Amino acid sequence: WEPRNGEPARVEPYTSVMEERLAKSNPTGLLPFLRELSSRFTPASMGFYGHWLTMTCSPAETESFSAFIKAVDWPARGLKLYGHEGARLSVTPEFLGKRNNLAEVLRLTGLTPGQVVVAGDERADLDMMRLSLSGNWLCPVNAHDDVKAHVKAGAGEVGTKGFSDGVMEAFEALAKRRGWNMP
């Protein structure tokens, strides 16, 4: 999305191409995997956003869940495992990596990495926290420890609050340190 006159506007043709690829890949990738996963394991929590699947299994199933996840041939399914820690996993279609998406946005808009700020809290977000894509990294205090360490090592900002409040706090601290004029 690209703001125009205060309203979001689609970045084209990128958005349409990704939606088309997702519509073709989901019936053979994420959806069958979602059905298989939910038939084998009892979700303690699950989120499916059409392009991103997260699941935490019941604590009693953690060992068998981990063994199943480690045995999956992700490339053969056209999927990418972004995070797996014990009872939790995050999966997306292979072509939707955040690194690829951000690189395409840079190409289409002409922005340089120094003009880009990225925020994240999951290990999957590390994929876009590269100097070749963004020179400014943020995360909230409740981010994964690996993300917080990476943000700190890259001279980014880690908020002291969780979730979006922490991201906004980190952004304000980064803007102040960088000397950006803020309204």
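Here the structure is shown first, and the text comes after it.
From a predicted model like this one, the values you see are computed outputs, not experimental measurements.

Remarks on the sheet that holds strand β5 (residues 79–85)
Piece 1. Across the sheet, 4 strands lie side by side as β3-β4-β6-β5; this open sheet has antiparallel pairing. Each edge of the sheet is formed by a strand with only one pairing partner; in this case those strands are β3 (43–48) and β5. Each strand of the sheet is rotated relative to its neighbour by a mean of 10°, with strand direction disregarded.
Piece 2. The strands that helix α3 (residues 62–71) touches are β4 (53–57), β5 and β6 (88–93); relative to β5, the one it contacts most, it runs at about 150°.

Topic: a nonpolar patch on the surface
Piece 1. A surface patch of nonpolar side chains, amounting to about 250 Å² of accessible area, comprises Val117, Trp180 and Met182.
Piece 2. Relative to the helices and strands, Met182 resides in the segment after α7 (163–178).
Piece 3. The class for Met182 is partly exposed, based on a relative accessible area of 45%.

Notes on the side chain of Ser66
Piece 1. Along the chain, the position of Ser66 falls in helix α3.
Piece 2. Apart from residues no more than four positions distant in its own chain, Ser66 is found in contact with His84 and Gly86.

Considerations on the packing of aromatic side chains
Piece 1. Scanning the entire structure with this criterion turns up 6 aromatic pairs.
Piece 2. Where Phe33 meets Phe68, the ring centres are 6.2 Å apart and the plane angle is 10°; that geometry is what we call stacked. With a gap of 35 residues between them, Phe33 in helix α2 (residues 30–40) and Phe68 in helix α3 connect regions that are remote in the sequence.
Piece 3. Residue Phe68 is classed as buried on the basis of its relative accessible area, which comes to 11%.
Piece 4. Each ring, one from Phe33 and one from Trp74, has its centre 5.2 Å from the other, and the planes form 65°; the classification is edge-to-face. Here Phe33, found in helix α2, pairs with Trp74, found in helix α4 (residues 74–77); they are 41 residues apart in sequence, far enough to count as distant. When sorted by exposure, Phe33 lands in the same class as Trp74, which is buried.

About the thresholds
Residues numbered from 1 in each chain as written. Predicted model: local features only at pLDDT ≥ 70, side-chain atom pairs only at ≥ 80, totals over all residues. Heavy atoms only, no water. Pairing = 2+ DSSP bridges. Helix = DSSP H or I, 4+ residues; strand = E, 2+ residues; numbered from the N terminus. Axes fitted to C-alpha atoms, helices over the stretch in contact; angles between N-to-C directions. Contact = heavy atoms within 4.5 Å. Patch = residues over 30% accessible without salt bridge, like charges linked within 9 Å, V, L, I, M, F, W, Y side chains within 5 Å. Areas by Shrake-Rupley, 256 points an atom, 1.4 Å probe, with all protein chains shown as cover. Salt bridge = Lys/Arg side-chain N within 4 Å of Asp/Glu carboxyl O. Buried < 20%, exposed > 50% of the residue type's maximum accessible area, 1.4 Å probe, protein only. Phe/Tyr/Trp six-rings, centres within 6.5 Å; stacked < 30°, edge-to-face > 60°.

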